[in-house]
Amino acid sequence: MHLLKTDSGTDGLSFAASVSEQVPVEQTAPSMDHLDQLEAQSIYIFREAFARLKKIALLWSLGKDSNVMIWLARKAFFGRVPFPALHVDTGKKFPEMYRFRDHYGKEWELDLRVEPCPPIDAVDPTLPPAARSAARKTEGLKMALAKYGFDGLIAGIRRDEEATRAKERVFSPRGLEGNWDVRDQPPEFWDHFNASPPQGAHLRIHPILHWTEADIWAYTKRENIPIIPLYLAKDGKRYRSLGDQDITNPVASSASNIDEILAELEQTKVPERAGRALDHETEDAFERLRVAGYL
Amino acid sequence: MNMLVTPTSPATPNGTTRPQVRIVIVGHVDHGKSTLVGRLLHETGSLPDGKLEMLKAVSARRGMPFEWSFLLDALQTERDQGITIDTTQIRFRTNSRDIVLIDAPGHAEFLRNMITGASQADGAVLIIDALEGVRDQTRRHGYLLHLLGVKQVAVVVNKMDRVDFSADRFKEISDEISAHLNGLGVTPTAVIPISARDGDGVAERTGRIGWYKGPTVVEALDRLEPARPLEALALRMPVQAIYKFDDRRIVAGRIESGSLIAGDEIVIMPAGKIARIKSVESWPVTPLGSRQGAGRSVGITLDRELFVERGDIIAHASTAPRETRRLRARIFWLHDKPLAKGDQLLVRCGPKESRATVVAIEKAVDPGELSSSENKAIGRNHVGEIDISLSNPIATDPYTENPRTGRLVIEVAGRIAGGGLVLSVDAGQRAVPVDIVPVESALRPDERSARYRHNGAVVWLTGLPASGKSTLAKALERRLFTNGGSPILLDGDTLRAGLNGDLGFSAADRSENIRRLAEVATHLARNGHIAIVAAVSPSREDRATARRIADIAFREIHVATPAQVCEERDPKGHYKKARAGALASFTGIGNDYEAPQAAELVIDTSKRTVADATDEIEQMLKSSGVLFDEVVDLAANI
C-alpha cells in the first residue's frame, strides 16, 4: 500500500511541546514524537514476550527490520538481548550479509545460533520455484524449533509490507506444524496478548508489526543503527528488501543515503517487496507459504 | 497506543504536523465496507501504481466484473467466501489528517476481529445499506463502539443508487440510527448518503445527492480528532517485570498515564508500600534526568529494597488507585460458551492477572436486539454487566477516571474470551475465595428493610475510654428496637472475650481487632441489620480500613467527650490503673487517640443528655438514608 511520509522528529505533533517552552523542564515530560511512540510500543511487546513465554528467540534475518528489532530489544532490556538470536541460514545470502552477521553478532554480544536449512528436494514440489526456494527457510525454522523447543519466536514482519502480513496479530499462535490459521485468530485488543500456546506449539511475536518501511529508515537514521550497504544505491540500483541472492533483485534507485531513501519512499508507489520473486509467482503463493509457517 | 496529539496543533495539508487518526469501518456484512475502503484509497490517490489495473486484469481472467472490494480482499480465501476475514491496516491521507484505516469485517462470526480493530481506533465509520436499512449487526457494532469508548462515529448510508438517491429513504435511516446512537450516548459526527461503487458522497457531492448539504466521507474523516493526551491524569505505571541483569534492580513498565521523574515519592499498589524513585534507567544513555510521560516504556530503580512484582502499579501516593478484590465491569463476550454466574476465569488488568469468579450477572444484553435477557448468562457476541470476585487483590481505577487502567480482559483456557470496562471498584468487599461457593441468604435485602423500616448499616462509635460510647450504643439499640428495627450491639470489649480472644493490644493486634469487628458488622449490615460498634479504635488508619470494608454502609460517630471528663468518670478504673503504671497500652492518658477528621457526627456527652444525643444520632441516620423517613414513606404508599 501507499507509504506515508513519517512524522519523525516533529515535536510539534505532541501535546507537551508547546507547553514545555513556558514552564521549567522538570514540570513537564518531553513530548513523544511518532518514532518515540513506535519504539515505546515495541519495547512493551518485547517485555511482554519475555515475561510471559518460557523460551524465546529472535529471528535475525540480518535485514534492516531485524536490525531495528535487535536495537529495540537492547532498549527494552537495558543494553542486553536476553535470549538467542537465531539465523536460519539458507546458505544463499549475500557475502555482505554474512560479514555483517559475524561482525555485529560479536559487537552486540548476541547469543547467535546459526541453523542450516534442508536441501531443496525436501520442500513441497508443487510450489513455484522461488516460493519453493523460500520454503526451505520454513523447514529450517521447523528444525530449529524442534532442536531448541522455543515456545516463542520474535519476527520482524510489518503490516505494511504485504497484504497477508496486514492480517497478523502481535502475538500470533502457530499450530503444532508451525502453521497459521488465519480464520481462527484469537481476539487481541488493548495490548493484551494471547501468550499461551498449546503444548508443543509456538507463538510468533511481532514487535514491529505497526511500523512502516519509512519508519524503519527514519529510526535507523535517528538511532544510528548499522545497515548492510546493499540497501544504498550503486550504479543506479539498490535493494529495498534483502533475501536469498538468487530470488532477490535490486530496484532502480539513486538513493545513496538514508535521507535519500526516505525521500524516495515519499514518492514511490512501487511495493517494497517488488524485488522479491516469490511474491509475484501466483496470487496465492505467498499466502500458502505463510499458512505453512513462513514469516 | 494512544497518540499524544493535540487537536489544537496546526494541521497543514503538506506540513510536518499532520495528526494521525486511526479509524475503523464497521457495519453489517455486505453493506459495502470493503467497497468504500477501495473507493477511498482510489479517491485519495493512495493506491500503488498498477494495483488497480492488476486487479482488473485478475477479474477479467476469472470472468468476474471488477469490484472495489477486491483491493482489500487480498487473501484468496476471502474472495472465495465473499467476506473479509480480518482486520487490515491501510494508510491514506486526507487534506489535514494521516488516516490509518483498520478495516473491520462485518460477518457475525468475526466480531472478535472487529473488536480487535475498533479497540485501537480514534473514530469510526458505521456503514448502512440504504436498501436494507439498520440491521442487528449495525446496532451491535454501534453498541460495541460505545463500549470500546469510540466516541466519534460518522454514519454512511451506502448504496443510495439502489434507492434512486431518495432523500426520504435517507432521512428514515438517518433518524433511526441517530436515535439508536444517541440512546447509547454517541452523537454521530455526520450522516452521509453515498454510493461507494459510483463514488457519490465519498470525495465529492454529486448532482444525484444534490439535496445533501453535509460533508463528504473524506471531509468527515478530515474532521476527526486524534486521541487526547493521557499525561494530565494521575500516574499509573503497571510493572511488566523486574530485571537484574547487572547490579541495578530495574522495575520496568510503560507509563499508561501521568508522568514521573527521579526523586518522586511513589506507592506500589496494591501492597501500598512507599518508596522514592532513585533513577530512571535507559539505554544507550542512562540515567535520564528528564520527566517521563504517558506512553513511554521506562525502567526505574528505587531507593530501598522492596518486594515488587509484575502486575503491581506504581502511582503517586496522593493519587493511588484503589485496591480491590471485587469489581463491577461492563463486558463484551466472545467465547462460544456463555458466561454464567459462578464461572471461574482469569482476569487481566494490564500485566496483572488474577483468578476470578463471576459473582453476579446484573445485565445480559444482545446489542443487536437491545433486549435484556432473563436467563442471566452472557452469550457469545453479547454484552453485559458483571460482578467479579478476585482471588488476588488488584489495583485499578474505574474507566471513567482512567481509560487505560480501567479496562480488563477475560481469559478462558489461555485465550482471550472477552473484555470490558471497570465500572466501579468495591474496595471494601473482601473476595470470596475462588474455591468456596458462598451460600446466599434466602431473604432479599428489600424484604428485611420493608419489615425493619431501615437499611443495613454500620454505626461506628469511636472515642476515648469512658467517653460514653457504650452508653450511647445501648440507648441507640433500645431506640431502634422500640421502633421495630433490628439493631445489634457489637461492643469491642465484649467481642474481645470471644471472637477476638486471641488478640492483645499491640498495634498489629489492635488493627486485626478492628478488622474483625468491621467484617462482622458489615456482614450484619448486608443482611439488613444495624450493627452498632462501640470501640475506642484510636487509629485513624484502622478506622479507614473499617470504612473501606463497610463502604457505603459506614456511619462514623466521634464521641468527643473531653479527656479530662473521661478520666473523672473512669467507671472501670482503667485511668487510675494506667496512671499508676499498672495498665500498659492504655489509650487515653497519652496522645495516642487519633480523632476522626470527617465523622458523620460528633457528640460531646459532657454537654448533652443521653436522650438528646440519641435523637441526634437518629436524625443523622434518617438524613443519610439508613432510617426510612415516615412522611416520605407514607406519601409513597398512597
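Residues numbered from 1 in each chain as written. Chains lettered and ligands numbered in written order. Predicted model: local features only at pLDDT ≥ 70, side-chain atom pairs only at ≥ 80, totals over all residues.

Within chain B one finds 16 helices and 28 strands. Of all 638 residues assigned to chain B, the portion counted as buried reaches 50%. At a minimum sequence separation of 6, the contacts of chain B that also span at least 24 residues come to 72%. (Helix = DSSP H or I, 4+ residues; strand = E, 2+ residues; numbered from the N terminus. Buried ≥ 20, exposed ≤ 12 C-beta atoms within 10 Å, placed from the backbone. Contact = placed C-beta atoms within 7 Å.)

This part covers the UniProt feature "binding site: ATP" (unreviewed entry) in chain B. Residues and elements named next belong to chain B. Under the UniProt annotation, "binding site: ATP" (unreviewed entry) lies at Gly 463, Leu 464, Pro 465, Ala 466, Ser 467, Gly 468, Lys 469 and Ser 470. Note that Gly 463 resides in the loop between β24 (457–462) and α9 (469–482). Once residues within four sequence positions are removed from consideration, Gly 463 is found in contact with Lys 469, His 558, Val 559, Ala 560 and Thr 561. In this fold, Leu 464 is placed in the loop between β24 and α9. (UniProt positions renumbered as here; feature names shortened; annotations may be inferred.)

All names here are of chain A. Every buried residue belonging to helix α7 (residues 258–267) is among Ile 261, Glu 264 and Leu 265, and all of these are buried. Seen end-on, α7 carries its buried residues on one side only, within an arc spanning 100°. Of the exposed residues in α7, the ones pointing more than 90 degrees away from its buried face are Asp 259, Glu 266 and Gln 267. Looking at the buried residues of α7, the elements they touch are α6 (213–223). (Arc of directions from axis to C-beta.)

Note: strand β15 (residues 322–333) of chain B against strand β21 (residues 383–396) of chain B, ten bridges, orientation antiparallel. Within the sheet, the bridge partner assigned to Arg328(B) lies in β21(B) and is Asp387(B). (Pairing = 2+ DSSP bridges.)

On the basis of which strands lie adjacent, the closed barrel formed by six strands has the order β7-β8-β13-β11-β10-β14 (chain B) and antiparallel pairing. Recorded for the sheet is a direction-independent mean angle of 50° between the axes of neighbouring strands. In this structure, strand β7 (residues 237–243) of chain B lies alongside strand β14 (residues 313–316) of chain B, joined through two bridges in antiparallel fashion. Within β14(B), the residue paired with Pro238(B) across the bridge is Ile313(B). Strands β7, β8 (250–254) and β13 (297–302) of chain B of the sheet are contacted by helix α2 (residues 34–52) of chain A, whose axis makes an angle of about 55° with β7(B). (Axes fitted to C-alpha atoms, helices over the stretch in contact; angles between N-to-C directions.)

This part covers the confidence of the model for chain B. Residues and elements named next belong to chain B. In this model, chain B carries a mean pLDDT of 82, and residues with pLDDT of at least 70 account for 85%. This stretch, residues 631–638, has a pLDDT under 50; its non-local contacts, to residues over four places away or in other chains, come to one contact. Overall fold confidence (pTM) sits at 0.65, and the ipTM for the predicted complex is 0.84. (pLDDT = per-residue confidence, 0-100.)

What follows deals with the nonpolar core. Ranked by internal contacts, the top residues of the largest apolar core, which has 173 residues, are Leu58(A), Ile154(A), Ile23(B), Ala118(B), Ala124(B), Val156(B) and Val157(B). Looking at this core, the element that brings in the most residues is α2(A), giving nine residues. If you look at the next biggest cluster of nonpolar residues, it comprises 42 residues, including Ala473(B), Ile514(B), Ala531(B) and Ala534(B). (Core = buried A, V, L, I, M, F, W, Y, C linked by C-beta atoms within 7 Å.)

All names here are of chain B. A cis amide bond, omega 0°, links Trp 283 with the succeeding residue Pro 284. Structurally, the position occupied by Pro 284 is in the loop between β11 (273–281) and β12 (292–293). The residue Lys 159 is not glycine, and still its phi comes out positive at about 60°. Structurally, the position occupied by Lys 159 is in the loop between β5 (152–158) and α6 (167–183). Exposure remark for Lys 159: the 22 C-beta atoms within 10 Å place this residue in the buried category. Even without being a glycine, Ala 466 presents a positive backbone phi close to 70°. Relative to the helices and strands, Ala 466 is located in the loop between β24 and α9.

We now examine the UniProt feature "active site" (unreviewed entry) in chain B. Residue and element names in this part refer to chain B. Listed under "active site" (unreviewed entry) in the UniProt record, and renumbered for this structure, are Ser 537. Mapped onto the fold, Ser 537 is located in the loop between β26 (530–534) and α12 (540–550). Setting aside its immediate chain neighbours within four residues, Ser 537 contacts Thr 462, Ile 514, Asp 542 and Arg 543.

Residue and element names in this part refer to chain B. Taking 1.5 Å per residue as the helical rise, helix α5 (residues 136–148) with its 13 residues ought to reach 18 Å, and the 18 Å between its terminal C-alpha atoms agrees with that figure. Among the residues of α5, those classed as buried are Gln 137, Thr 138, Arg 139, Arg 140, His 141, Gly 142, Tyr 143, Leu 144, Leu 145, Leu 147 and Leu 148. Of the residues one or two after α5, Gly 149 is the one with positive phi, at around 85°. (Expected span 1.5 Å × (residues − 1).)

What follows covers the environment of Ala364(B). In this structure, Ala364(B) sits in strand β18 (residues 352–366). Sequence separation between Ala364(B) and Ile331(B) is 33 residues; the distance between their C-alpha atoms is 9.6 Å.

With that settled, consider the sheet that holds strand β1 (residues 56–59) of chain A. Residue and element names in this part refer to chain A. Taken in spatial order, the six strands make up an open sheet running β3-β2-β1-β4-β6-β5, and their pairing is mixed. If you trace the sheet from one side to the other, it starts and ends with β3 (112–116) and β5 (171–173), each paired once. Going from strand to strand, the sheet's axes swing by 30° on average, the running direction of each strand aside. As judged from the two bridges shared by β1 and strand β2 (residues 85–89), these two strands associate in the parallel manner. Residue Leu 59 lies in a different strand from β2, and its bridge partner there is Leu 86. Relative to β2, helix α5 (residues 129–148) is tilted by about 135°, and along the sheet it contacts β2 and β3.

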